[in-house]
Amino acid sequence: MSIRHLDSLFHPESVAIIGATNRPRAIGNLVMHNLLAGGFEGPVMPVNPKRQAVCGVLTYPNVESLPVVPDMAVICTPPATVPMLVDKLGERGTRAITVLTAGLGAAGENGRTLKQEMMAAARHHGVRILGSNCLGLLVPGAGLNASFSHIDALPGKVAFVSQSGALGTAVIDWAGAHDIGFSHFVSLGDADDIDFGDLLDYLASDATARAILLYIESVRDARKFLSAARAAARNKPVLVVKSGRVPEGAKAAASHTGALAGSDDVYDAAFRRAGMLRVDDIDELFDAVETLARMQPLKGDRLAILTNGGGPGVMATDALIGRGGHLATLSEETIAALDAVLPTSWSHGNPVDIIGDAPPERFAEATRILLKDPGVDALLVMHVPTAVSLGEQAARAVAEVAKASERNVLTSWLGQVTAEPARQAFSAAGIPTYTTPDAAVRAFMHMVHYHRNQELLMETPPSIPEGFEPATTSARLLVENALAGGRDTLTEPEAKAVLAAYGIPVVETHVATSPEGAARMATEIGFPVALKILSPEVSHKSDVGGVALELESGEAVREAATAMIQRVRELIPEAQITGFTVQQMAHRPGAEELIVGMVNDSIFGPVILFGQGGTAVEVIGDCADALPPLNMALASELIERTRVSKLLKGYRDRPAADLDAICATLIRVAQLVIDIPEVVELDINPLFADAKGVLALDARMHVAAATGKGPERLAIRPYPRELEATIQLGDERILLRPIRPEDEPAHQDFVAHCDPDDIYFRFFRAIRHIPHSEMARLTQIDYAREMAFIAVADNGKGKTIGVVRAISDPDNQKAEFGIMVRSDHKGTGLGSALLGKIIDYLRAQGTRELTAHVLPANHAMLSLAERMGFSHHLLPEDEVMAIRLDLTGKRANAATTATQG
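Residues numbered from 1 in each chain as written. Predicted model: local features only at pLDDT ≥ 70, side-chain atom pairs only at ≥ 80, totals over all residues. Heavy atoms only, no water.

Asker: I'd love a proper account of the overall build of the protein chain, names of residues and values included.
Answerer: Counting its regular elements, the protein chain contains 31 helices and 38 strands. Its C-alpha atoms give the protein chain a radius of gyration of 32 Å, near enough to 29 Å, the size a compact globule of 901 residues would have. Counting only C-alpha atoms, the protein chain reaches 100 × 85 × 65 Å along its principal axes. When burial is assessed residue by residue, the protein chain has 55% of its 901 residues classed as buried. When the accessible surface of the protein chain is summed, it comes to about 38,100 Å², and 51% of that surface belongs to carbon and sulfur atoms. Of the charged side chains in the protein chain, 83 are positive and 110 negative, and the gap between their average positions amounts to 3 Å. (Helix = DSSP H or I, 4+ residues; strand = E, 2+ residues; numbered from the N terminus. Rg over C-alpha atoms; globule rule 2.2 N^0.38 Å. Buried < 20%, exposed > 50% of the residue type's maximum accessible area, 1.4 Å probe, protein only. Areas by Shrake-Rupley, 256 points an atom, 1.4 Å probe, with all protein chains shown as cover. Lys, Arg positive; Asp, Glu negative; His and termini not counted. Charge placed at Lys NZ, Arg CZ, Asp CG, Glu CD.)

This is the structure in structure tokens:
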């Protein structure tokens, strides 16, 4: 990911238009007209060897003749000319080029495509490319319209990035009609260089963009995209419209998981994990931006509805329940308070119908009472026009009460002409207002989903239950043996052995090679038993009659096995039957049948699936997806997104299932996938779950030779266990390891035991307590773009005693670090060890320099930096010392040597 030279793209001081022309409706003419009409204040230099002037501006015959080096150039010439033009502009020193030209996929004389030639020239000169085949870009606030859009955009505070140029012009047209402006409007086109990840990184730190809107057709680099999206979503709302929700057809899959995990569901999981909000269309996209801009902190999804008409109240309730929301249950105190101010004929429940003749005072008083109820997270107030109602006055009365509350109030004044003054009153008061009950409820659910997604970014997960030490070597050996034997599918016993190596309880399974052997095996283990066919060609055994349950005798087992062989040979003549599996029946009355699986998505890599299992799993279709790695909080959220989660919580006389055991199973499957990249698809179906825990009854696992490193195929970089190291300081063994989200409680304790002066030197201000929102940012890091190593006493089992943190810029050129050691461990050499650890890590990542700002009074830090080879100088305007270490030369080597010594 890189934001290098994007300032030249969005804030150029000069622009050249290669291919500018006076020909009407030509792209070169439209771009030239837009740049001049937009009010761009820098030089605009058209390039065309056949024209003396374009749009009244002196034209230059070629790039070499331009009087100044253009910061940004726009190319709208035939495809064959583009690579040469990029090369010449790069030679002149241009840093950003917008390529509007399409058709660069054609091969040139050397066999390479024009697109490859263009990108080779761009990389050689360090030039950034927007496009090709794009509409261009607009920065209305800067007067920059480097596009061929026939409509100009209004200035505003919303950034819009689109993969579709055609949709882009429609959005500009729609937004202008609704008086919506943009801080940036960017068409990516083919995204040959600059992509969503780059723009998310750039726009996340641009104060002129209050929110970022994306129209996505597909994502190429999943890790880059998610890393940038998670960082941006922590700073401002990021909203997405993703086209292609419904596939034209389902691919045949070898497992239930493969059939259930649709690609659009995976996009949903990715957007949710990144803290973004997905909406269905452009209209909803801009509605959601406005809603989130006026949103107060939200605590839950319980909505109270206040109306002067019963019909709209019912419509709103239907919409709420249909979208997965919850109607608030009013407290007895609230009911009594409403009784005291409302007519006796009011609805006495939620929705609160205050009758059609309700005056403004009744609206205001009912609003005030409902906002005091602790069981109400938000309030929707609706008004139906009647002959005796005063709509505008009621709106102003509600607005006065709503402005004094810290809870969210949404409004919907029905009608058109009579409702318009009320809507204007709400808008002036900063209160969201909507034309229909459904639109208002949809807006409320936008708040709910956005709040939940943000919580996933900030939530501190509990630790996985102790004792999880997978036998990875044993599991990998089983997989390697299968591949060495030319198999792409593990047998059921092998698959269960792999699961058992990762601590997942499995039913004991035995293998017999003949019906007679199966009968003898069943007699040995005890009846009743389950018998299953064993064949690499039979994936879904029950589909071919390859499963027999509750067999009570050896003769019954023999007969069932013989019948299985006959059925399989009739249905799948080519199947090689290698035997049978025999297992004692697992009687778990009341246990829920679940499915846990993994499938490889072509874009996002491994995806974990959870849902209701059994033979009808595809018919039931109750499942949810998540991206690994998982922790207890993420696993719990995955379960919550299924209908079967309600059954797992217990009902009537059936106790709740052990949810921690289910979460632990999901985490262990995710870790298995991370550790063994050869596992490309797996099913545990059914997985029994009840109050006693979980038990895997059947499993299938598909394998293939790994094409790359395990973690590299994951969309989210997992915890880098390989970076853990143990050091000896005096008599104490200390574990240095990357920080984890579940370290938050220990990190709070660490800060509490640091000297106030040390905290002041680290944060440049006095801090008594770091709030959860900030501590979550410190412990829930994206290992793809920052790193924090903590020192844990007692060889990793004790308290946190030190931390060093480095955050790299998106280009990985420079990293800024901070370090702090618990006061009772200062002077032990721990600071040197931590700083050396981060230096080694950054050098391995290719980072070029390490910097920090240090208060002049922080003598210990300045002394440590000097010993480690840092240079330093005073910044008088800030009254701080700037220290710097070159990680490419000898100073970095000296620093590492000092640490190891």
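Asker: An account of helix α26 (residues 756–763) is needed here, citing residue identities and associated values.
Answerer: Near the N-terminus of α26, the side chain that reaches the backbone nitrogen of Asp757, with its oxygen 2.7 Å away, is that of Asp755. The positive-phi residue at the C-terminal boundary of α26 is Phe764, with phi of around 65°. (Polar contact = N/O pair within 3.5 Å; in protein donor to acceptor, adjacent residues only side chain to side chain.)

Asker: Explain the pattern of salt bridges residue by residue, including any values.
Answerer: All told, the structure shown has 42 salt bridges when counted by the stated rule. Ionic pairing is found between Lys224 and Asp195, a salt bridge with its closest N-O pair at 3.0 Å. Taken together, the residues Lys224 in helix α7 (residues 222–233) and Asp195 in the loop between β11 (182–187) and α6 (196–204) connect sequence positions 29 residues apart. The salt bridge involving Asp698 is made with Lys532; its shortest N-O contact spans 3.8 Å. (Salt bridge = Lys/Arg side-chain N within 4 Å of Asp/Glu carboxyl O.)

Asker: For helix α16 (residues 437–458), give the residues involved together with the corresponding values.
Answerer: Taking 1.5 Å of rise per residue, 22 residues should cover 32 Å, and α16 covers 32 Å from first to last C-alpha, within 8% of that figure. Among the 22 residues in α16, 18 count as buried, and that is most of the element. (Expected span 1.5 Å × (residues − 1).)

Asker: Could you give an account of the environment of Glu333, naming the residues involved and the relevant values?
Answerer: Structurally, Glu333 is set in helix α12 (residues 332–341). Considering only alpha carbons, one finds Glu333 and Ile369, 36 residues apart in sequence, at a separation of 9.5 Å.

Asker: Now, about the packing of α12 against helix α13 (residues 360–372): what can you tell me, with residues and values included?
Answerer: Taken N-terminus to C-terminus, the directions of α12 and α13 make an angle of 170°; their axes are 10 Å apart at the nearest point. With respect to α13, the element α12 is oriented roughly antiparallel. In this structure, α12 contributes Thr334, Ala337, Leu338 and Val341 to the contact, and α13 contributes Glu365, Ala366, Ile369 and Leu370. Broken down by class, the residue content of the contact of α12 with α13 amounts to six nonpolar, one polar and one charged. (Axes fitted to C-alpha atoms, helices over the stretch in contact; angles between N-to-C directions. Parallel < 35°, antiparallel > 145°, perpendicular 65-115°, else oblique. Contact = heavy atoms within 4.5 Å. Nonpolar A, V, L, I, M, F, W, Y, C, P; charged D, E, K, R; others polar.)

Asker: Any details on the nonpolar core? Residues and values, ideally.
Answerer: One finds Leu214 and Phe225 to be the most contacted residues of the largest nonpolar core, which totals 64 residues. With seven residues, α7 is the largest single contributor of residues to this core. If we skip the residues at most four places from it in the chain, Phe225 touches Phe196, Leu200, Leu214, Ile216, Val219, Phe271 and Met276. (Core = buried A, V, L, I, M, F, W, Y, C linked by side-chain atoms within 4.5 Å.)

Asker: Hey, could you go over the sheet that holds strand β10 (residues 155–162) for me, with residue numbers and the actual values?
Answerer: Two orientations exist for strands paired in a sheet by backbone hydrogen bonds: parallel and antiparallel. Taken in spatial order, the seven strands line up as β9-β8-β11-β10-β12-β13-β14 in an open sheet, and their pairing is mixed. For this open sheet the edge positions go to β9 (144–147) and β14 (277–279), each flanked by a neighbour on one side alone. Adjacent strand axes in the sheet meet at a mean angle of 20° when their direction is disregarded. Looking at chain direction, β10 and β11 are connected through five bridges and run parallel. If you follow Phe160 over to β11, its bridge partner there is Phe185. (Pairing = 2+ DSSP bridges.)

Asker: I'd love a proper account of the sheet that holds strand β5 (residues 72–75), names of residues and values included.
Answerer: What the five strands build is an open sheet, ordered β2-β1-β5-β6-β7; its pairing is parallel. Every other strand in the sheet has two partners, leaving β2 (44–47) and β7 (128–131) as the edge strands with one partner each. With direction set aside, neighbouring strand axes in the sheet form an average angle of 20°. Taken together, the four bridges between strand β6 (residues 96–99) and β7 define a ladder with parallel strand orientation. Bridge pairing in β7 links Val99 to Gly131. Contacts from helix α2 (residues 27–37) reach β1 (15–18), β2 and β5 within the one sheet, and its direction differs from that of β1 by about 160°.

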